[in-house]
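One-letter residues, chain by chain:
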Amino acid sequence: MRIRASSAPLAFLCPGSQRKEEGEVLIKTTNEGASLGSAVHEILAALVGSANADSPDLRAVALKYGVDADELGRLVGYGIHAWRSLEKYYPNPITEGELCYETTQFRLTGHPDLYSVGEDWANFLDYKSGFKQPDYFHQMLAYALLLIRNFTYATTIRATTVWLRDWSQETLVVTSEDLGKWEESLVARVVNWDGTYTAGAHCQYCPRFTTCPARQALVQSALTEIDAAAPGGIVPAAAMPVIVQMYRQGKLAVVKGLLTQIDDMIRGYISAVGPIDLGNGREVALVGENRDTIEPLKAWPILSGALTNEELAPAIKIGKTAIL
């Protein structure tokens with residue numbers, strides 16, 4: 001069985017996500033967040049590997065990945081700040097190094113953003129460009145297992161996660177004994193899967209999204225229950241407990257993920273091929289909108305002269321990350 005460290009969180013949530021039926025087509029979803037993460041990692045990897053701290057042209061990298069240059073600059077800025085405080089733990093760092101650990105039961109692979117190995121230790125660092133999530137534990141343990149199995153003289157692994165948006169860091173220290181127990185849980189939960197699917201919001205990120213039998217059954221069940229509880233889209237008060245129960249069971253999250261996936265597929269098709277002909281002179285197309293924008297710096301003298309602070313405040317949104 002093949003498992004990637006980056007897919008370990010999904011594997012523990014639903015081991016069925018790591019299976020593939022004969023002839024099944026797997027789908028890898030992508031989004032702007034993934035592109036932004038790739039851009040951040042490319043720049044930070046170049047900085048770490050450069051003796052004179054030269055980095056690629058930030059705007060050129062932003063253009064390459066199709067992301068906002070200013071947002072990229074903010075994330076890279078904290079990445080540099082974090083690296084300066086952490087580099088003492090990473091002598092002779094290796095960036096994006098591919099690691100593999102294979103047993104008779106599974107093959108685990110992955111490439112930490114950077115790692116360093118000492119006499120009896122190994123440290124690795126993982127940059128996170130997205131918003132803070134609670135489900136990264138198994139990914140970190142997977143990287144740690146890769147290191148301790150490849151560098152068998154290491155007895156302790158120091159795993160650091162850098163959250164670029166939150167300007168925060170977390171470090172987890174694990175021993176070879178800890179990782180031995182985690183490997184046992186990997187085999188018990190993921191490799192020796194009992195055949196039970198676990199559905200929820202994570203289904204929308206699963207490569208088996210379109211073919212998973214559990215998701216198909218869950219969507220059909222949810223649609224049937226919704227139609228029964230709220231015929232015509234009108235939800236009577238007596239039906240709300242049913243709707244809330246479906247929400248708690250994760251059924252509505254799966255349906256919402258399905259709709260989002262379908263919307264993305266339609267947009268992707270139109271972008272690549274062109275408008276979709278529906279017949280009778282109708283078509284589905286992507287139509288641009290002209291929206292007026294206000295540049296705060298240029299408009300401020302005029303607005304502040306015409307409006308009071310109390311009148312201006314409701315129209316202003318302040319980004320925490322930009323302020324930090």
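Right above here is the structure, for reference.
Residues numbered from 1 in each chain as written. Predicted model: local features only at pLDDT ≥ 70, side-chain atom pairs only at ≥ 80, totals over all residues. Heavy atoms only, no water.

Undergrad: Explain the overall build of the protein residue by residue, including any values.
TA: Looking only at helices and strands, one finds 12 helices and 10 strands in the protein. The burial tally for the protein puts 37% of its 324 residues in the buried class. Restricting to contacts in the protein with at least 6 residues of sequence separation, those with at least 24 account for 64%. When the accessible surface of the protein is split by element, carbon and sulfur atoms take 55% of a total near 19,400 Å². (Helix = DSSP H or I, 4+ residues; strand = E, 2+ residues; numbered from the N terminus. Buried < 20%, exposed > 50% of the residue type's maximum accessible area, 1.4 Å probe, protein only. Contact = heavy atoms within 4.5 Å. Areas by Shrake-Rupley, 256 points an atom, 1.4 Å probe, with all protein chains shown as cover.)

Undergrad: Describe in detail the packing of helix H5 (residues 137-150) against helix H6 (residues 176-191), supporting the description with residues and values.
TA: At their nearest, the axes of H5 and H6 sit 10 Å apart, and the two run at 115° to each other. Seen from above, H5 lies across H6 with left-handed handedness. Across from Phe137, His138, Leu141, Ala142, Ala144, Leu145, Ile148 and Arg149 in H5, the residues of H6 making contact are Ser176, Leu179, Gly180, Trp182 and Glu183. For the contact of H5 with H6, the residue count by class is 8 nonpolar, 3 polar and 2 charged. (Axes fitted to C-alpha atoms, helices over the stretch in contact; angles between N-to-C directions. Left-handed = near helix turned anticlockwise from the far one by under 90°. Nonpolar A, V, L, I, M, F, W, Y, C, P; charged D, E, K, R; others polar.)

Undergrad: Residue-level account of the packing of aromatic side chains, with values.
TA: Within this structure, the stated rule accounts for 9 aromatic pairs. Measuring from centroid to centroid gives 4.8 Å for Tyr78 and Trp167, while their planes differ by 25°, and the two rings are stacked. In this pair, Tyr78 sits in helix H4 (residues 69-86) while Trp167 sits in the loop between strand E7 (156-163) and strand E8 (168-175), placing the two residues 89 residues apart along the sequence. The interplanar angle of 80° and the centroid separation of 5.7 Å between the aromatic rings of Tyr101 and Phe106 together place this pair among those described as edge-to-face. Among the residues examined, Phe106 registers a relative accessible area of 2% and is labelled buried. Through a chain of ring-to-ring contacts, the aromatic side chains of Tyr115, Phe151 and Tyr153 assemble into a single cluster. Sitting over the face of the ring of Tyr89, Arg158 holds its NZ or CZ atom 4.0 Å from the ring centroid. (Phe/Tyr/Trp six-rings, centres within 6.5 Å; stacked < 30°, edge-to-face > 60°. Lys NZ or Arg CZ within 6 Å of the ring centre and 35° of its normal.)

Undergrad: So what about the packing of helix H3 (residues 58-65) against H4? Which residues, and what values?
TA: It is the contact of H3 with H4, at a shortest axis distance of 9 Å, that shows an interaxial angle of 120°. Comparing the axis directions of H3 and H4 gives the class oblique. Considering only the axes of H3 and H4, their crossing is right-handed. Contact with H3, carried on its side by Leu58, Arg59, Val61 and Ala62, involves Ala69, Asp70, Leu72 and Gly73 of H4 and no other residues of that element. By residue class, the composition of the contact of H3 with H4 is 5 nonpolar, 1 polar and 2 charged. (Parallel < 35°, antiparallel > 145°, perpendicular 65-115°, else oblique.)

Undergrad: I'd like to hear about the sheet that holds strand E2 (residues 94-95), residue by residue, with values.
TA: With mixed pairing, 5 strands are arranged side by side in an open sheet as E2-E5-E6-E7-E8. Each having just a single partner strand, E2 and E8 make up the two edges of the open sheet. With 4 bridges connecting them, strand E5 (residues 114-117) and strand E6 (residues 121-128) associate as antiparallel partners. Each bridged residue has a counterpart across the sheet, and for Ser116 the counterpart in E6 is Asn123. In the packing of H6 onto the sheet, the strands contacted are E7 and E8, and the crossing angle to E8 comes to about 90°. (Pairing = 2+ DSSP bridges.)

Undergrad: I'd like to hear about a nonpolar patch on the surface, residue by residue, with values.
TA: Taken together, the side chains of Trp300, Ile316, Ile318 and Ile323 present a nonpolar region at the surface, about 450 Å² in accessible area. By the element assignment, Ile323 lies in helix H12 (residues 320-323). Ile323 gets classed as exposed once you look at its relative accessible area, which sits at 63%. (Patch = residues over 30% accessible without salt bridge, like charges linked within 9 Å, V, L, I, M, F, W, Y side chains within 5 Å. Salt bridge = Lys/Arg side-chain N within 4 Å of Asp/Glu carboxyl O.)

Undergrad: Break down the environment of Arg267 for me, citing the residues and quoting the values.
TA: Residue position: Arg267 is located in helix H9 (residues 251-272). Put simply, Arg267 and Leu286 are 19 residues apart on the chain and 7.4 Å apart in space, counted from C-alpha to C-alpha.

Undergrad: Help me get a handle on unusual backbone geometry, residues and values and all.
TA: One non-glycine residue, Asn92, lies in positive phi territory at about 50°. The residue Asn92 is located in the loop between H4 and E2 in this model. Residue classification places Asn92 among the exposed positions, given a relative accessible area of 70%. At Trp167, a position not held by glycine, the phi torsion is positive, near 55°.

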